[in-house]
Amino acid sequence: MALSKSRLSQWLLPRHLSVRTFDGDGDYDEDAGELLPAPRLSVAAAQAVPVAALAGVLAREDVEAVAALAARLKRTRPDARQCNGGAWTTVYLSCGRAFQRELPALASRLVRAAKRAAADQMGLDLRGVDLRVRCVEHHEMAAGGALADECHYDSGSVLTIDVMLAAPGDDFDGGALWFPGAGGARAAGLARRGDAVVFASHRYHAVRPVEAGTRRVLIVELWEGPERGCPHRCQSATAPCVFDDVGSPAAAGPRKRFSWPPRRGAGRVHSAAE
């Protein structure tokens, strides 16, 4: 079911939602009650928002710069690397705001492109909404890797940008990004290296198993919280994050460790997006 722009604008309500967050010891605290911005779209409404396709957002030199940054952070910041299983790893390029500081033109270009896509292709009126970078993630998924959860979505964010860094068919086979919905799965086209899609963060999305090679993508989530430099997907939009490298008391003290995956309790926990 498609929703008109006027219909969608009725869902853009400035509210807040209490969610679970990390506690001081680095474990996932189910009772901490941190505040995240509430969804600009309900989960139900987000399923009807079109996915925007953007061809050639990144040039070859951009892809190479992202790869070099990811490789360096792997070596110098082991806390920025997360293993999601033997075939899937994530490096948080926003750790210490490295992506924003070292590739500022690329960061600004992606944010501008996402906002234009929201208005032009997705029918979302986000005028006056102050979106900032929540996290920047470099994902590598080898053969057998997949995001199989058909109810996965990026809770707490407004827009998610997914950029293909590898060459489908040459660097890897399989690994298609798709969007489960009431009318069945709809595949998203990331046909070439440098192509991107932008979607409402509360839209369900998944990744088919990689059959061969290595799939690499860049993920940027935009939210209404402050720009973060955490080595994780930040859950604190209203107070300093203890894992933030910049602008937080934690930056001056010993680095804290956090456990992953978080403990599962009531409700769905959403980890790094694909």
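Quick notes on the rules
- Think of each chain on its own: its residues are numbered from 1, step by step along the sequence as written.
- For this predicted model, a pLDDT threshold of at least 70 governs which residues receive local features, and a threshold of 80 or more governs which side-chain atom pairs are given and counted, while totals over whole chains, interfaces and linings are taken from all residues.
- Side-chain descriptors were evaluated using all non-hydrogen atoms of the structure, hydrogens and water having been removed beforehand.
- Only DSSP runs of H or I covering at least 4 residues are called helices, and only runs of E covering at least 2 are called strands; the numbering of each starts at the N terminus.
- Any two residues having at least one pair of non-hydrogen atoms within 4.5 Å are treated as being in contact.
- The set of buried Ala, Val, Leu, Ile, Met, Phe, Trp, Tyr and Cys residues whose side-chain atoms join them within 4.5 Å is what this entry labels a nonpolar core.
- The buried label applies to any residue whose accessible area, calculated with a 1.4 Å probe on protein chains only, is under 20% of its type's maximum; exposed applies above 50%, and partly exposed to all values in between.
- Basic side-chain nitrogens of Lys or Arg form a salt bridge, by our definition, when they fall within 4 Å of a carboxyl oxygen of Asp or Glu.
- The span expected for a helix works out to 1.5 Å for each residue beyond the first.
- As used here, the arc is the angular range of directions from the helix axis to the C-beta atoms.
- Between N or O atoms, a polar contact is any pair within 3.5 Å; within protein, one atom must be a potential hydrogen donor and the other a potential acceptor, and residues adjacent in sequence are included only when both atoms are from side chains.
- Each Phe, Tyr or Trp ring (for Trp, its six-membered ring) is paired with any other whose centre lies within 6.5 Å, and the angle between the two planes then decides the class: stacked below 30 degrees, edge-to-face above 60, tilted in between.
- For a ring to carry a charge above it, either NZ of a lysine or CZ of an arginine must fall within 6 Å of the ring centroid while also lying within 35 degrees of the normal to the ring plane.

Asker: Explanation requested: the side chain of S201 in the structure shown.
Answerer: The residue S201 is located in the loop between β11 (196–200) and β12 (206–207) in this model. Ignoring any residue separated from it by four or fewer positions in sequence, one finds S201 in contact with Y153, D154, S157, V158, L159 and T160.

Asker: What exactly am I supposed to notice about the nonpolar core here?
Answerer: Within soluble globular proteins, side chains that are nonpolar tend to cluster in buried spots. Counting 46 residues, the largest nonpolar core has L93, F99, L110, L159 and L218 as the members making the most contacts within it. Counting residues per element, this core draws most heavily on helix α5 (residues 104–120), at eight residues. Among residues more than four places away in sequence, those in contact with L218 are V66, L93, F99, L110, V136, E137, I161, D162, V163 and L165. In terms of nonpolar packing, the next biggest core, distinct from the first, is built from 15 residues, A166, F179, V197 and F199 among them.

Asker: Teacher, can you tell me more about the pattern of salt bridges here?
Answerer: Pairing is possible between side chains that carry opposite charge, provided their charged atoms lie close to one another. Considering all chains together, one arrives at 15 salt bridges under this definition. The salt bridge involving R40 is made with E224; its shortest N-O contact spans 2.7 Å. With R40 in the loop between β2 (28–37) and α2 (43–46) and E224 in the segment after β13 (210–223), this residue pair connects regions lying 184 residues apart in the sequence. Assessed through its relative accessible area of 26%, E224 is described here as partly exposed. In this structure, E227 engages R97 in a salt bridge whose closest nitrogen and oxygen atoms are separated by 3.5 Å. You can see E227 sitting in the segment after β13 and its partner R97 sitting in the loop between β5 (88–92) and α4 (98–102), a full 130 residues away along the chain. Among the residues examined, E227 registers a relative accessible area of 30% and is labelled partly exposed. Under the relative-accessibility criterion, R97 is labelled buried at 12%.

Asker: Would you explain helix α3 (residues 60–76) in this entry?
Answerer: Along an α-helix, residues three or four positions apart point the same way, because every turn accommodates 3.6 residues. Its 17 residues give α3 an end-to-end C-alpha distance of 24 Å, which sits within 8% of 24 Å, the value for a rise of 1.5 Å per residue. Considered for burial, the residues of α3 that qualify are D62, V63, V66, L69, A70 and L73. Down the axis of α3, the sector holding all buried residues measures 125 degrees, keeping them to one side. Exposed side chains of α3 directed beyond 90 degrees from the buried face belong to R60, E61 and R75.

Asker: What is the right way to read α5 from this model?
Answerer: Helix length check: α5, at 17 residues, gives a terminal C-alpha distance of 24 Å against a target of 24 Å (1.5 Å per residue), a fit within 8%. Listed in full, the buried residues belonging to α5 are L106, A107, L110, V111, A113, A114, A117 and A118. Taken end-on, α5 shows its buried residues confined to a sector of 160 degrees, consistent with a single buried face. Turned more than 90 degrees off the buried face of α5, the exposed positions are A105 and D120.

Asker: Sorry, what's going on with the side chain of Q100 here?
Answerer: Positionally, Q100 belongs in helix α4. A residue is classified by how much of its surface remains accessible, and Q100, at 10% relative accessible area, is buried. Within the structure, Q100 has its side chain in polar contact with the backbone oxygen of R228 (distance 3.4 Å). Sequence-distant contacts of Q100, defined by excluding residues within four places in its chain, comprise L93, S94, A107, V133, E227 and R228.

Asker: Help me understand the packing of aromatic side chains, please; the structure alone is not making it clear to me.
Answerer: Given two aromatic rings, one states the distance between the centres and the angle between the planes to describe the pair. Under the counting rule described, the total for this entry stands at two aromatic pairs. Ring centres of Y153 and Y204 lie 6.1 Å apart, and the angle between their planes is 55 degrees; on these two criteria the pair is classed as tilted. Here Y204 lies in the loop between β11 and β12 and Y153 lies in the loop between β6 (132–142) and β7 (159–164), a separation of 51 residues in the sequence. Here Y204 falls in the partly exposed class, since its relative accessible area comes to 24%. The interplanar angle of 70 degrees and the centroid separation of 5.0 Å between the aromatic rings of F179 and F199 together place this pair among those described as edge-to-face. Here F179, found in strand β9 (residues 177–179), pairs with F199, found in strand β11; they are 20 residues apart in sequence, far enough to count as distant. Take F179 and F199: they sit in the same class, and that class is buried. Sitting above the plane of the W178 ring, R208 keeps its charged end 3.9 Å from the centroid.

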